[in-house]
Amino acid sequence: MGERVLSISGMSKRFGALQATQDVSLDLHAGEIHALIGPNGAGKSTLIAQIAGSLKPDAGEIRLGERDITALGVARRARLGLGRSFQVSCLAEPLSVLRNVMIGAQALQGHSFRFWRPVDSDPRLLAPAHAALERMHLAHRADTPVAALSHGERRQVEVACALVLEPRALLLDEPMAGLGPEGSARLTELLETLKQEVPILLIEHDMDAVFRLADRISVLVAGRVIAHGDGPTIRRDPRVRDAYLGD
Amino acid sequence: MTRPHLSPLHSPAAATPAGPRRWLDRRRLVHGALLALMLLAPVAADLLGEVYYVNLASRIALVAMAAVGLNLAIGFGGMISFGHAAYFGLGGYVAGISAYHAFDGSLVMGLPGSDDMRVIWLAAVLLCGLLALAIGAISLRTTGVYFIMITLAFAQMVYYFATSWPDYGGEDGLPIYLRNSLPGVDTQDALSFFLICFAGLMLSLALTSRLMKSRFGAALTMARLNETRLATAGISPFPIRLVAFVVSAMITGLAGALYADLNGFVSPSMLSWQLSGELMVIVILGGVGRLYGPLAGAILFVMMETLLGGLTEYWTFFLGLVLLGVVLFARQGVIGWLAGSERHG
């Protein structure tokens, strides 16, 4: 296994009576896809929100590489190399696809208090944004407003937005949702090559994709990791079959 | 959506697939016509010896400039400030107080007064920036209705401070006996003063346009449309908004300094919530988030006030009808109606 890129230890979060995250510890190593599966309401998205920084955990520690990022905000974590896609796509709909992706390239190149040079003709922003879209097979959609995209395409734009940040780790929250079988297969292929560059913490309901892609799987039920291991181990685990996989 | 060539701001490569953008399209034609009207009408009035109309044009230019400032906050930044009179009035008081001390040779906070407009403008812009920095730093921690109310509350504090401070006229206001001066320009001459106001308006338009095309503008646009996306892309929305708020206040403050010189008078009414409201009405009438919206809105507002106001004191009833029409039927305001809609963002 490669070096440890992201590690979460002892993370807990409670909303009133609901224990959304309960002493969760996870890590992500270079070159791998670590899938997080579990039934609806298991706290997967809540966990991602805490790792990305939009939700503050009650307890626990998050490290990106050697660095403790528990106290940092969303923007700071993103600049340090934590890329994220959302379960419900989170884009500026009136803007073009390109504009949505360019903003990430801008953040990577230092502060945004640059008041003079137009972004429309800035190759330092255009080139990385086009490259990220190319990667996601979205080059032909660059000038289309996000509002005109299909659900599946929006998910791909989200991944492109994360890629342009040159992330050290990717958090993808159900990137396959709404893609259809063909798109899903293509994204699976893409993630397989992508993981060589950047490890991925993947939340996904498409079990075919999960078992094909994931090097390791953690199963989250009621805010707690009940099982952890590679694909075959998880498939055999009776608790997992009982709680999630059915049959 | 049907006219992608109308959106040079937002569609970076639109010019390439759609062929070269036409040099003169409807939008540019309307903008050019508005500016030409704004410039040529007072020149003609001056030739005819109608000083009243020259001063009316100066008033339109300054109100438009103040609204350009507000539009940066409301239209481009999504920050609905109901307190921009604070900056308009502060700019006015800077001009008034500085002239007052220059007149009797006394000191203000250890500094001599000045009747040089350049000094006054600099002081107005800096002080408005500082005030907006303090007000914005607190107000921008809230959103929505709370933001509207807290900016109003701060502006009311400034208003009551001015009414209760007797040194500079309190409720009665402060006259500027002799219009402040600018080297090489006869500021007493109505047309010369109009040209200064017009230059200020052009400068504020150019600045806003340039700003919104820059990286800062891209970040501000994203802060308005989807702040979660902005943060996820690695840019904190708060400092971006704060800087936009400060620049917005500076533009409005500079307009206020000139406005006091136009009237030869500054009073707490320049700080009143009614004035904040009028600026908002002008922005909405003209077209929220449209560069030339405030100019169109200011022309319409001041002309209605002058023409209808001369016929009936209930002219605001008709203003209300027009505003209602715009809000219901022309969301991009008068400018959207004249120049066509623009892809938003």
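Residues numbered from 1 in each chain as written. Chains lettered and ligands numbered in written order. Predicted model: local features only at pLDDT ≥ 70, side-chain atom pairs only at ≥ 80, totals over all residues. Heavy atoms only, no water.

## Re helix H4 (residues 123-135) of chain A
Structural remark: α-helix, 3.6 residues per turn; residues separated by three or four positions point the same way. Keep this limit in mind: Numbering goes from the N terminus for both helices and strands, where a helix is a DSSP run of H or I of at least four residues and a strand is a run of E of at least two. The span expected for a helix works out to 1.5 Å for each residue beyond the first. Buried, partly exposed and exposed residues are distinguished by accessible area as a fraction of the type maximum, computed with a 1.4 Å probe on protein chains only: under 20%, between the cut-offs, and over 50%, respectively. By arc we mean the arc of the directions from the helix axis to the C-beta atoms, nothing more. We call two residues contacting when some pair of their heavy atoms lies within 4.5 Å. Within 3.5 Å is the distance limit for a polar contact, defined as a pair of N or O atoms, with the added protein rule that one can donate a hydrogen and the other accept it, and that residues adjacent in sequence qualify only through two side-chain atoms.
In this model, H4 of chain A (13 residues) spans 18 Å end to end at C-alpha, consistent with the 18 Å of a helix rising 1.5 Å per residue. Within H4 of chain A the residues assigned to the buried category are Leu125, Leu126, Ala129, Ala132 and Leu133 of chain A. All buried residues of H4 of chain A lie within an arc of 135° about the axis, which places them on one face of the element. The secondary structure elements touched by the buried residues of H4 of chain A are helix H3 (97-108) and helix H5 (151-163) of chain A together with helix H7 (215-225) of chain B. The opening residue of H4 of chain A, the one whose side-chain oxygen lies 3.0 Å from the backbone nitrogen of Arg124 of chain A, is Asp122 of chain A.

## Topic: the domain arrangement of chain A
Interfaces are frequently sized by the accessible area removed from exposure as the parts join. Residue and element names in this part refer to chain A. Rules: Domain delimitation follows an automatic or database domain assignment. The term buried area denotes the loss of accessible surface (1.4 Å probe radius) that occurs when two parts are joined, taken as the sum for both partners. We count a salt bridge whenever a side-chain nitrogen from Lys or Arg sits within 4 Å of a carboxyl oxygen from Asp or Glu.
Parsing chain A into structural domains produces domain 1 (1-81 + 167-247) and domain 2 (91-166). Centre-to-centre separation of domain 1 and domain 2, based on C-alpha positions: 25 Å. Domain 1 puts 18 residues into the contact, and the matching count from domain 2 is 13 residues. Carbon and sulfur atoms supply 65% of the area buried between domain 1 and domain 2, which totals about 1300 Å² over both sides. Counting across the domain 1 and domain 2 interface gives one salt bridge.

## Brief notes about the nonpolar core
The line we're drawing: By convention a nonpolar core is built from buried Ala, Val, Leu, Ile, Met, Phe, Trp, Tyr and Cys residues, the set being connected through side-chain atoms within 4.5 Å.
Grouped together as the largest cluster of nonpolar side chains are 149 residues, with contacts concentrated most on Val101 and Leu191 of chain A together with Met38, Trp121, Leu201 and Leu295 of chain B. The element that contributes the greatest number of residues to this core is helix H2 (residues 51-76) of chain B, accounting for 17 residues. Domain assignment of the residues forming this core places at least three in each of domain 1 (1-81 + 167-247) and domain 2 (91-166) of chain A. Apart from the residues within four sequence positions on either side, Val101 of chain A is in contact with Ala129, Ala132, Leu133, Val157, Ala160, Cys161 and Val164 of chain A. Judged by nonpolar contacts, the second largest core, of 23 residues, contains Ile48, Ile51, Leu72 and Leu201 of chain A.

## Thoughts on the interface of chain B and chain A
Contacts between chain B and chain A engage 33 residues on the former and 39 residues on the latter. In total, about 3200 Å² of surface goes out of reach between chain B and chain A, with carbon and sulfur atoms giving 62% of it. In this structure, the connection of chain B to chain A is made through two salt bridges. Scanning the region where chain B abuts chain A turns up 13 residue pairs in polar contact (both at pLDDT 80 or more).

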